[in-house]
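Residue strings, one per chain:
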Amino acid sequence: SEKNARISAANPFKHRLDRYVTGPSNQLAYAAACRMADLADPTANHPLFLHGICGVGKTHLLQGICHAAQAQNPNAKIVYLTGEQFTNQFITAVKSGKLDAFRRRIRKLDVLAIDDVHFIASKEKTQQEFLHCFEENDLAGARVVLASDCHPRQIDQFSDALVSRCIRGLVIELTEPDPVTRKAIIAELAHRRGLFLQPAVIAQLADRFDGSVRDIEGALTKLHALATLTDQP
């Protein structure tokens, strides 16, 4: 509808929490994300740090928090960046003399979400800038949500001050999905593609692709292409 189109246009975040498939590997992270997304919940006043290997759903949860918060309050100030984007924008702001404008944009927010935050490790000035941004948003009651491939203590050349800020909040690991969760993920992803899979096919895919969700998505992409190009069920 026209109303839904307007809402979609105003909410740029791709992933949604209500489309996240949960299981033992991610239930705690999902519950924490849902609480962080509720801007009216006064108990969600601590940073959330999600870590795990690539393809276990960290980006989905970060963007899902941003999507839910934006839907709850269209006027909410939300910034979602990768660590690389934060670094590049900071460097550009310094070189162009627009550091004050950069700081105004990423501080005093409702939600600050930084994906792949480990990218800023070893970059001293970027880490200092991010630390000030982190502290100001956190002290003001903003939702600060970070994601990385590993625990804050295991990020090489991550400053002690940033490690301290991260572990002060809730640190949760996401692991690879178990077989039951993999089947649910395959069924959900296939449904979104309009692809009907027999239960035996779902079981075989879940058994063969036991790594990240990206492996499963790649398998479904190939399967869908084969079915479409050969015009066969």
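Residues numbered from 1 in each chain as written. Predicted model: local features only at pLDDT ≥ 70, side-chain atom pairs only at ≥ 80, totals over all residues. Heavy atoms only, no water.

Novice: Explain the pairing of strand E3 (residues 111–115) to me, and be specific about the residues and the numbers.
Specialist: Across the five residues of E3, five count as buried, placing the element largely inside the fold. The two faces of E3 match: Val111, Ala113 and Asp115 on one face and Leu112 and Ile114 on the other face are all buried. In the sheet, strand E2 (residues 78–82) pairs with E3 via five bridges, with the strands oriented parallel. Within the sheet, the bridge partner assigned to Tyr80 lies in E3 and is Ala113. Across four bridges, the pairing between E3 and strand E4 (residues 143–148) is parallel. When the bridges of E4 are listed, Ile114 appears paired with Leu146. (Buried < 20%, exposed > 50% of the residue type's maximum accessible area, 1.4 Å probe, protein only. Helix = DSSP H or I, 4+ residues; strand = E, 2+ residues; numbered from the N terminus. Pairing = 2+ DSSP bridges.)

Novice: I'd like a description of the packing of aromatic side chains, backed by residues and values.
Specialist: Enumeration over the complete set of coordinates arrives at five aromatic pairs. Between the aromatic rings of Tyr20 and Tyr30, the centroid separation amounts to 5.8 Å while the plane-to-plane angle is 0 degrees, which identifies the pairing as stacked. With Tyr20 in the loop between helix H1 (2–10) and helix H2 (27–37) and Tyr30 in helix H2, this residue pair connects regions lying 10 residues apart in the sequence. For Tyr30, a relative accessible area of 23% translates into the label partly exposed. Consider the rings of Phe90 and Phe102, whose centres lie 6.1 Å apart with planes at 45 degrees: the pair is tilted. (Phe/Tyr/Trp six-rings, centres within 6.5 Å; stacked < 30°, edge-to-face > 60°.)

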